[in-house]
Amino acid sequence: MIITPRVRGFICLTAHPKGCEQNVINQINYVKSKGQIEGPKKVLVIGASTGFGLASRITAAFGSNAATIGVYFEKPSAEGKPGSPGWYNTAAFEQQAQEAGLYAKSINGDAFSDEIKQKTLDLIKTDLGQVDLVIYSLASPRRTNPKTGITHNSVLKPIGQTFTNKTVDFHTGNVSEVSISPASEEDIQNTVAVMGGEDWEMWMDALKAADLLAPGATTVAYSYIGPALTEAVYRKGTIGRAKDHLEATAFTIADKLKDLNGKAYVSVNKALVTQASSAIPVIPLYISLLYKVMKAKGIHEGTIEQMQRLFKERLFTNGEVPVDEKGRIRIDDWEMREDVQAEVAQLWEQATTETLPTIGDLNGYRTDFFNLFGFEVEGVEYGTDVNEVVEVPGLV
């Protein structure tokens, strides 16, 4: 079939297998071009099919020749029905890994559930024995707690008062004002339950109890801080509360891993176009201005550049892992540079529907958005028939 993008708001309802495959190959080639990383050898990536999780898996495999197990929740392809982008990404990654002689298997299902945790533990025990790196990169709007059976839904809201600021419809380029009413206490608790550190800790507890963590094992989860411009709706909003919980959980997990000489970190990453960030009002406008500034300075990074730098220059240097005063790895350091933020703040004041095409990089934002779904990728012929049914080679 010929697959074209069908967009509804901040979601694309279709994905292109060849575009997703080329995206993955591009990321692999980037990692290989940067040389070997003396890093992990047996890696579990929870949330492995898109974004930072996928980039982490690619970096581990093609930077350190690691065996990888990926856990994700994606829609398989079927005749006449394209799969989700993460399905095609994983298929492409595992094909490339197997051709390179690298172990790569995956489990598709709800990573919050006890069932998928146990299935993953069994696979590690059978095939790898133990893992030396666990990446936790889940992004989901809801979670059912396996202990209570309660389903929690996260919300994107400020806390304490209504938030009003500029935003942009990145499809039309229309800059407008948006107001978001404040969260209730229940909203905050639900968002922390979904996006906080409870499930990460459950995973690490289960792995440790089953003796599946190698001595000196490291685990990393991902967070974001961002600038003053976005903090009311992000870092000081419901998501920020969840990220606070996630970051506090790193210390709890680190204490539990002390007898293994293990480590737990949160890496604060750069603002990038993801399915999650596209849904947050204000963020698309901020990112389009940020891209413009960082590209002009020659310091723009995508997910794969961020993860390759995280592995090579932070996590696996054979020295102490550098952290900030709150124990976090800061790979958002270039985004948060004073000169970058000062220029973005200045452009923010000037941003209107008329000025944005000149002062921002809305085209870059749109391209990155469509790339997430395998569209607008250079070198892919979109006008020809493509087989939408793709198997994931290492699916268990």
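As shown above, the structure is provided for reference.
Right, let's walk through the structure included here.

**Here's the deal with the pattern of salt bridges**
If the charged atoms of two oppositely charged side chains come close together, the side chains can form a pair. Inspection of the entire model under this criterion finds 26 salt bridges. In this structure, Asp-205 engages Lys-256 in a salt bridge whose closest nitrogen and oxygen atoms are separated by 3.1 Å. You can see Asp-205 sitting in helix H6 (residues 198-209) and its partner Lys-256 sitting in helix H7 (residues 238-256), a full 51 residues away along the chain. For Asp-205, a relative accessible area of 32% gives the class partly exposed. Looking at Lys-256, the relative accessible area reads 33%, which means it is partly exposed. A salt bridge links Asp-255 to Lys-258, with the nearest nitrogen and oxygen atoms 3.4 Å apart. Here Lys-258 falls in the exposed class, since its relative accessible area comes to 60%.

**Examining the environment of Leu-395**
Positionally, Leu-395 belongs in the segment after helix H12 (362-372). The partly exposed category is assigned to Leu-395, whose relative accessible area is 35%. C-alpha of Leu-395 to C-alpha of Asn-108: the two residues are 287 residues apart in sequence and 7.4 Å apart in space. Residues in contact with Leu-395, not counting those within four places in the same chain, are Tyr-72, Trp-87, Glu-94, Ser-106, Ile-107 and Asn-108.

**Points about the nonpolar core**
Judged by nonpolar contacts, the single largest core of 76 residues is most densely connected at Ile-58, Phe-62, Tyr-286 and Phe-311. Setting aside anything within four residues of it in sequence, one finds Tyr-286 in contact with Tyr-224, Pro-227, Leu-229, Thr-230, Ala-271, Glu-335, Gln-341, Val-344 and Trp-348.

**Some words on the sheet that holds strand S4 (residues 67-72)**
Spatial strand order, S5-S4-S3-S6-S11-S12-S13: seven strands in an open sheet with parallel pairing. Strands at the two margins of the open sheet, each flanked by one partner only, are strand S5 (104-108) and strand S13 (329-330). Strand direction decides the pairing type here: strand S11 (residues 213-223) and strand S12 (residues 263-268), joined by six bridges, are parallel. Bridge pairing links Thr-219 to Ala-264 in S12. Against the sheet, H6 makes contact with strand S3 (42-46), S4, strand S6 (131-136), S11 and S12, and its axis sits at roughly 170° relative to S11, the strand it touches most.

The rules behind these values
Residues numbered from 1 in each chain as written. Predicted model: local features only at pLDDT ≥ 70, side-chain atom pairs only at ≥ 80, totals over all residues. Heavy atoms only, no water. Salt bridge = Lys/Arg side-chain N within 4 Å of Asp/Glu carboxyl O. Helix = DSSP H or I, 4+ residues; strand = E, 2+ residues; numbered from the N terminus. Buried < 20%, exposed > 50% of the residue type's maximum accessible area, 1.4 Å probe, protein only. Contact = heavy atoms within 4.5 Å. Core = buried A, V, L, I, M, F, W, Y, C linked by side-chain atoms within 4.5 Å. Pairing = 2+ DSSP bridges. Axes fitted to C-alpha atoms, helices over the stretch in contact; angles between N-to-C directions.

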